[in-house]
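Listed below are the residues making up each chain.
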Amino acid sequence: MALKKFLAIRRDDCFSPNSIEKDRDILQSVCKWLEQEAALDEKIIMVDEAEFANHPVEAECYVSMARSEDALQILASLERQGRRVVNSPVGVMRCQRSVLDELMREHHFHMPPVSGKYGFWLKRGDASAQSKGDVVFCQNSEALEKAEEAFNERGINEWVVSAHIPGDLVKFYGVGDRMFRYFYPNDDGISKFGDEEHNGKAHHYPFDHEALRREIIRLANLTGVSVYGGDVIISEDGRSFIIDFNDWPSFSRCKDEAAEAIARQIMIK
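Residues numbered from 1 in each chain as written. Predicted model: local features only at pLDDT ≥ 70, side-chain atom pairs only at ≥ 80, totals over all residues. Heavy atoms only, no water.

## With respect to the layout of surface pockets
To keep it simple, the criterion reads: Space inside and on the surface of the protein is sampled on a 1 Å grid over the protein atoms alone, with a cavity defined as a set of points where a 1.4 Å probe fits but cannot get out and a pocket as an open set with protein on both sides within 12 Å along at least 5 of 7 lines; lining residues have an atom within 4 Å of a point. Grid points are joined across faces, edges and corners, and a volume is the space filled by probe spheres set on the points. Only Asp, Glu, Lys and Arg are considered charged, only Ala, Val, Leu, Ile, Met, Phe, Trp, Tyr, Cys and Pro nonpolar, and every remaining residue, Gly among them, polar.
Roughly 180 Å³ of internal volume is contained in the second largest pocket. K4, K5, F6, L7, L40, E42, K43, I44, I45, V57, E58 and A59 are the residues that line the second largest pocket. Taken together, the residues of the lining of the second largest pocket sort by class into seven nonpolar, no polar and five charged.

Written as structure tokens, this is what we have:
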């Protein structure tokens, strides 16, 4: 039976640092596509995730960018009852950085080692980055120790440490296996926190694009997230290292293409 009753759930502002409007734009664009594809008589209602958590609304399909624990728990219950939810709340929970790091290492994904000779990255592990201070570059072990102490002082006692990898920073966007695009943020200057500067100007080192696409899709399938994005480092010798994977980015570099792909993914899921 064709889906006719949708509810769109907006991401809370705290989970959209420097991207509030971009995140809402992609969700609105997806809703417009769904309204056309499903021939809906009315526009899809959109609610904030906090509002939804307090007052859940019945629907056949939830188009969700939610990340709060309360909203995800409700959506997980609805998914178990047979409602369609994109992204799957279980998948979003698996994208929690500490959970994802363990999952990726267990399944042997290409990712940076824990230590190296070019510095470290310290990232909060209990949630996605909500401010620039949640992702910290540390030049050496002494700086790392101080940054960990600062996390403790902020009440963050769960984090992930990885070695800094020199090379080209590449940002990717995907929808299931129907869309996969990548861009060099140091070429267009679009940045959330400015951390790209640590890798400098892109050299556009050659690498196996198809192998990277397959690896990212494997990770998306493992987590259960069908709308995803993230970052990889391409080293001078062409190796790729996944440094970030997250649920439903803003797709700011390819919003129109992504909106159509997401809508079609929802309709056939």
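## Some details on the packing of helix 5 (residues 97-106) against helix 8 (residues 209-223)
Heads up, the rule is: To define axes, lines are fitted to C-alpha atoms, for helices over the stretch in contact only, and angles between the resulting N-to-C directions are given on a 0 to 180 degree scale. Here a helix means four or more residues in a row that DSSP labels H or I, a strand means two or more in a row labelled E, and each is numbered from the N terminus. For classification, angles of less than 35 degrees are called roughly parallel, those exceeding 145 degrees roughly antiparallel, those between 65 and 115 degrees roughly perpendicular, and all remaining angles oblique. Here a crossing is taken to be left-handed if its near helix is turned anticlockwise relative to the far helix by less than a right angle, and right-handed if that turn runs clockwise. Contact between two residues is taken to exist if any of their heavy atoms lie within 4.5 Å; hydrogens are not considered.
Viewed as axis vectors pointing N to C, helix 5 and helix 8 meet at an angle of 120°, and their least axial separation amounts to 11 Å. As far as their axial angle goes, helix 8 and helix 5 are oblique. The hand of the helix 5/helix 8 crossing is right-handed. Along its contact with helix 5, which presents L100, L103 and M104, the element helix 8 presents L219, L222 and T223. When its residues are assigned to classes, the contact of helix 5 with helix 8 shows five nonpolar, one polar and no charged.

## Focus on the nonpolar core
This is how it is decided: Remark: nonpolar core denotes a set of buried residues (Ala, Val, Leu, Ile, Met, Phe, Trp, Tyr, Cys) joined through side-chain atoms within 4.5 Å. Each residue's exposure class comes from its accessible area (1.4 Å probe, protein chains only) as a fraction of the maximum for that residue type: buried when under 20%, exposed when over 50%, partly exposed otherwise.
By size, the foremost hydrophobic cluster in this structure holds 29 residues, and its most contacted members are F6, W248 and F251. Only strand 1 (6-10), helix 1 (20-37), strand 3 (61-64), strand 8 (168-175) and helix 9 (255-268) provide two or more residues apiece to this core. Ranked by the residues each element gives to this core, the list is headed by helix 9, at six residues. The residues contacting F6, other than those within four sequence positions of it, are L34, A38, L40, I44, A59, C61, V63, I266 and M267. With 23 residues, the next largest nonpolar core counts V170, I216, L219 and V232 among its residues.

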